[in-house]
Amino acid sequence: MKIIDGKAISAKTKEELRLEVAALKEKGVSVGLAVIIVGDDPASRVYVNNKKKACELLGIYSEEYALPADTNMESLLGLIEELNTRKDINGILCQLPLPRHLDEKAVINAISPEKDVDAFHPVNVGKIMIGDFDFLPCTPAGVMRLLDESGVEIEGKNCVVIGRSNIVGKPMSMLLLHRNATVTICHSRTRNLSEVTSKADILVAAVGKANFVTPDMVKEGAVVIDVGINRLPSGKLCGDVDFDNVSEKCSFITPVPGGAGPMTIAMLMANTVTAAKKQNNL
Ligand code: NDP
């Protein structure tokens, strides 16, 4: 059994990007990301701080807009509109979830698809569907990178994704399909879940329930990718997979923390660099 080191693969990816950002700078192209956060959700705060830190590390210019929780749609959309037209801002990210009174869909739709580095805009979602995409959805793209860096073959493999959210499960399944895997998507109405999952050569868990995947759900020698981030009452972070018991059966497994999580930010940085290149016709 091999533990896939997401921290190390993320660091390697970020180092490659740092060099790319430096090379772009030499050509007179700077890379800029604007991050909007509304309200004071502590988890969102941590994510935004990590994104800022990653930008600093890579030499990407970043701006943060920390808006009060009672911000209205008009001023939020006004800010996005302004950022859409700014030449020095290549990527725009609005940290989700937004406070309830704000219309998340309208906010996503307002971000120019060329600057939508989260790849949540319907134009980018559609492009992912047809396999002709500029921006990869960050978390699923990070999982693909983990598999590739670990030398896991994907073509022809039985892949099972537990979860069908627009952010993780659905785009994850699409990326695996584009790489010629046979993909099954499971969700809360799936019958005989463990029967389905135990046929997986590659099992991706994106459920949001601690220790949901147990050894009886996993085939001997499977590759198990744990996307879940759950906080136990003790405050400890854990994934969707019962790591201690499942890992014994796996050929590869990702830990939580230190697996899929660190890759998401690395892929966000990759999308920001892609956006800058495209906007400068490179
Ligand atoms: P959602 O809550 O949007 O989706 C969860 C999915 O799990 C749904 O499709 C749901 O099915 C399915 N599900 C729930 N219960 C069961 C069950 N008993 N059996 C089978 N399927 C079930 O979550 P997200 O996709 O946004 O996130 C999933 C996890 O990944 C979370 O822990 C989240 O924190 C983490 N995450 C991690 C990221 C990272 O950077 N590593 C980034 C984003 C998320 P149904 O559709 O039928 O309700």
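Conventions and cut-offs
Residues numbered from 1 in each chain as written. Predicted model: local features only at pLDDT ≥ 70, side-chain atom pairs only at ≥ 80, totals over all residues. Heavy atoms only, no water. 1 Å grid on protein atoms, 1.4 Å probe; cavity = no way out; pocket = protein on both sides within 12 Å on 5 of 7 lines; lining within 4 Å. Points joined across faces, edges and corners; volume = space filled by probe spheres on them. Helix = DSSP H or I, 4+ residues; strand = E, 2+ residues; numbered from the N terminus. Patch = residues over 30% accessible without salt bridge, like charges linked within 9 Å, V, L, I, M, F, W, Y side chains within 5 Å. Areas by Shrake-Rupley, 256 points an atom, 1.4 Å probe, with all protein chains shown as cover. Salt bridge = Lys/Arg side-chain N within 4 Å of Asp/Glu carboxyl O. Buried < 20%, exposed > 50% of the residue type's maximum accessible area, 1.4 Å probe, protein only. Contact = heavy atoms within 4.5 Å. Near = heavy atom within 4 Å. Polar contact = N/O pair within 3.5 Å; in protein donor to acceptor, adjacent residues only side chain to side chain. Nonpolar A, V, L, I, M, F, W, Y, C, P; charged D, E, K, R; others polar. Axes fitted to C-alpha atoms, helices over the stretch in contact; angles between N-to-C directions. Parallel < 35°, antiparallel > 145°, perpendicular 65-115°, else oblique.

Chemist: Help me understand empty space enclosed by the protein in this model?
Modeler: Regions of empty space are outlined by a rolling probe, equal in size to a water molecule, passed over the atoms. With the rule as written, the count across this model stands at one cavity of 30 Å³ or more. Here the largest cavity is characterised by a volume of approximately 70 Å³. Looking at the largest cavity, the residues that line it are I92, L93, C94, L96, V107, I108, I111, D116, D118 and F120. Mapped onto the lining of the largest cavity, the elements with two or more residues apiece are β4 (91-94) and α4 (104-110).

Chemist: How should a nonpolar patch on the surface be read in this particular structure?
Modeler: Together, V46, Y47 and I229 give the surface a local cluster of nonpolar side chains, amounting to about 270 Å² of exposed area. Checked against the element boundaries, I229 lands in the loop between β8 (223-226) and β9 (230-231).

Chemist: Help me understand the side chain of T139, please; the structure alone is not making it clear to me.
Modeler: Secondary-structure assignment places T139 in helix α6 (residues 138-149). T139 gets classed as buried once you look at its relative accessible area, which sits at 14%. Setting aside anything within four residues of it in sequence, one finds T139 in contact with V168, V227 and T264.

Chemist: Just to check I follow, could you spell out the site of the ligand for this structure?
Modeler: If you check the shell around the ligand, you find 20 residues, and the closest are R164, S165, S188, I229 and T264. Within the side chain of S188, a nitrogen or oxygen atom sits 2.5 Å from an oxygen atom of the ligand. At 3.0 Å from a nitrogen atom of the ligand is found a side-chain nitrogen or oxygen belonging to K209. Coverage of the ligand by the protein chains reaches 70% of its 930 Å² of free accessible surface. A class-by-class count of the residues in the shell around the ligand yields eight nonpolar, 10 polar and two charged.

Chemist: I keep staring at the environment of S112 and nothing clicks. Help me out?
Modeler: Examined against the element boundaries, S112 turns out to sit in the loop between α4 and α5 (122-130). Only 2.7 Å separates the side chain of S112 from the side chain of E114, close enough to count as a polar contact.

Chemist: Got a minute to help me understand the packing of helix α1 (residues 6-26) against α6 in this structure?
Modeler: When two helices pack together, their arrangement is given by the angle between the helix axes and the distance between those axes. One way to put it is that α1 packs onto α6 with a least axis distance of 10 Å and a crossing angle of 100°. As summarised for this structure, α1 and α6 are arranged roughly perpendicular, according to the angle between their axes. Of the residues in α6, those in contact with G6, I9, K12, T13 and E16 of α1 are R145, L146 and E149. Of the residues contributing to the contact of α1 with α6, the split by class is two nonpolar, two polar and four charged.

Chemist: Explanation requested: the pattern of salt bridges in the structure shown.
Modeler: Once the charged atoms of two side chains with opposite charge are near each other, the side chains can pair. Under the criterion given, the structure shown has 13 salt bridges. Here R145 ties to E16 by a salt bridge, and the two come within 4.0 Å at their closest N and O atoms. One end of the pair, R145, is in helix α6; the other, E16, is in helix α1, with 129 residues separating them in the sequence. D88 is paired through a salt bridge with R86; the nearest N and O atoms lie 2.8 Å apart. Several salt bridges converge on common partners, so that one network encompasses E63, E82, R86 and D88.

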